[in-house]
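In case you want the letters, here they are:
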Amino acid sequence: MSEFVFLYTTFPGEAAAARVARELVEAGLVACANIIPGMRSIYRYGDGVEEGQEVVVIFKLPAKAAEAAAGRLRALHPYETPVVAFLHVAPDAATAAWLREATG
Amino acid sequence: MSEFVFLYTTFPGEAAAARVARELVEAGLVACANIIPGMRSIYRYGDGVEEGQEVVVIFKLPAKAAEAAAGRLRALHPYETPVVAFLHVAPDAATAAWLREATG
Amino acid sequence: MSEFVFLYTTFPGEAAAARVARELVEAGLVACANIIPGMRSIYRYGDGVEEGQEVVVIFKLPAKAAEAAAGRLRALHPYETPVVAFLHVAPDAATAAWLREATG
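The shown structure was predicted, so the numbers you read here are calculated from the model rather than taken from an experiment. (Residues numbered from 1 in each chain as written. Chains lettered and ligands numbered in written order. Predicted model: local features only at pLDDT ≥ 70, side-chain atom pairs only at ≥ 80, totals over all residues. Heavy atoms only, no water.)

### Some details on the overall build of chain A
Next, step 1: What chain A contains, in helices and strands, is 3 helices and 4 strands.
Next, step 2: Seen in sequence order, chain A has helices and strands lined up from the N terminus as β-α-β-β-α-β-α.
Next, step 3: Dimensions of chain A, computed from C-alpha atoms along their principal axes, come out at roughly 45 × 25 × 25 Å.
Next, step 4: When each of the 104 residues of chain A is scored for burial, the buried share is 56%.
Next, step 5: Counted over contacts in chain A with a minimum sequence separation of 6, partners at least 24 positions apart contribute 70%.
Next, step 6: By element, 52% of the accessible surface of chain A is carried by carbon and sulfur atoms, the whole surface being about 4,100 Å².
Next, step 7: Here chain A holds 9 positive side-chain charges and 12 negative ones, and the gap between their average locations is 3 Å. (Helix = DSSP H or I, 4+ residues; strand = E, 2+ residues; numbered from the N terminus. Buried < 20%, exposed > 50% of the residue type's maximum accessible area, 1.4 Å probe, protein only. Contact = heavy atoms within 4.5 Å. Areas by Shrake-Rupley, 256 points an atom, 1.4 Å probe, with all protein chains shown as cover. Lys, Arg positive; Asp, Glu negative; His and termini not counted. Charge placed at Lys NZ, Arg CZ, Asp CG, Glu CD.)

And the structure:
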């Protein structure tokens, strides 16, 4: 895994997303959360296909905090099994410095 | 390619995106589609620069279904050559299990 | 780095994002910009946690233009140190051909 990652997840609404995001940032597990509202999700659920309104949340963090951040996210998330997907990212020097400092 | 990927594409509108997304989920080619409305695209088109309103769609799927999902997407998409871009993702165990089951 | 990347950044508003995006597309540094409005950012700032309304911008470009595009973005961006994060992408053949042609 690269030194930094994005953690992509979804929430049922902005309020829950903001509450959990604030806790992860305050805990120094992530540097920031980008909450994108108004997402429409179409997904397989058992034998059927369901739809729902959600928000996307993209967390930015060092890879070394990935497990701890995912664990806290799962503990705080309203879903029993939220989507947790990591994407490798290569930040520029200033972004990397900020990500380290924000989660130091 | 990692075991799982996101497929990033764009559509001219939410209705077309939802129709195609539902078909790919029902076919078991993708586990889900996240449709993000209200995107403004600024892009090179021939010698000029164009703008347009679109929606972003992020599909989540196993890499082994990538070619089949992309082929079906291109066949159903209203654009002649839609953007099809895969991103490697590393899901947590519960997300990986769901992605496998939803496209089993 | 793969042949193509997404550059993920954020702007304080859509107008500034569109202005800078248009300049990067016109300069042939990126093939396109996807501007996603209405994003709520929660982030570490010094000892505190701040919130703000932003827009997400996802630029699509060849990796060989990454440094030049990031440099121009930083020069034009209203923030002193904007987030600049690259993600590896694997486009399909038609998307790859367009990305090369648009930034040729």
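### A few points about the relation of the copies chain B and chain C
Next, step 1: Of the transformation superimposing chain B on chain C, the axial component is 0.0 Å and the angular component is 120 degrees, with the fit at an RMSD of 0.0 Å. The superposition operator between the copies reduces to a three-fold rotation axis.
Next, step 2: The overlap is low: 9% of the interface residues of chain B also sit at the interface in chain C, so different surfaces are used on the two sides. (Least-squares fit on C-alpha atoms with pLDDT ≥ 70 in both.)

### Describing the packing of aromatic side chains
For any two aromatic rings, the description comes down to two numbers: the centre-to-centre distance and the angle of the planes.
Next, step 1: As enumerated under the stated definition, the model contains 5 aromatic pairs over all chains in all.
Next, step 2: Between the aromatic rings of Tyr8 of chain A and Phe6 of chain B, the centroid separation amounts to 5.0 Å while the plane-to-plane angle is 70 degrees, which identifies the pairing as edge-to-face. One end of the pair, Tyr8 of chain A, is in strand E1 (residues 4-11); the other, Phe6 of chain B, is in strand E1 (residues 4-11), on a second chain. (Phe/Tyr/Trp six-rings, centres within 6.5 Å; stacked < 30°, edge-to-face > 60°.)

### Quick word on the interface of chain B and chain C
Next, step 1: Taken together, the contacts link 22 residues of chain B with 27 residues of chain C.
Next, step 2: Regarding the contact of chain B and chain C, the summed buried area is about 2,100 Å², with carbon and sulfur atoms giving 59% of it.
Next, step 3: For the pair chain B and chain C, the number of links is 3 salt bridges.
Next, step 4: Linking chain B to chain C there are 15 residue pairs in polar contact (both at pLDDT 80 or more).
Next, step 5: Looking at the side of chain B that touches chain C, the elements with two or more residues in it are E1, strand E2 (32-45), strand E3 (48-62) and strand E4 (85-91) of chain B. (Buried area = accessible area lost by both parts, 1.4 Å probe. Salt bridge = Lys/Arg side-chain N within 4 Å of Asp/Glu carboxyl O. Polar contact = N/O pair within 3.5 Å; in protein donor to acceptor, adjacent residues only side chain to side chain.)

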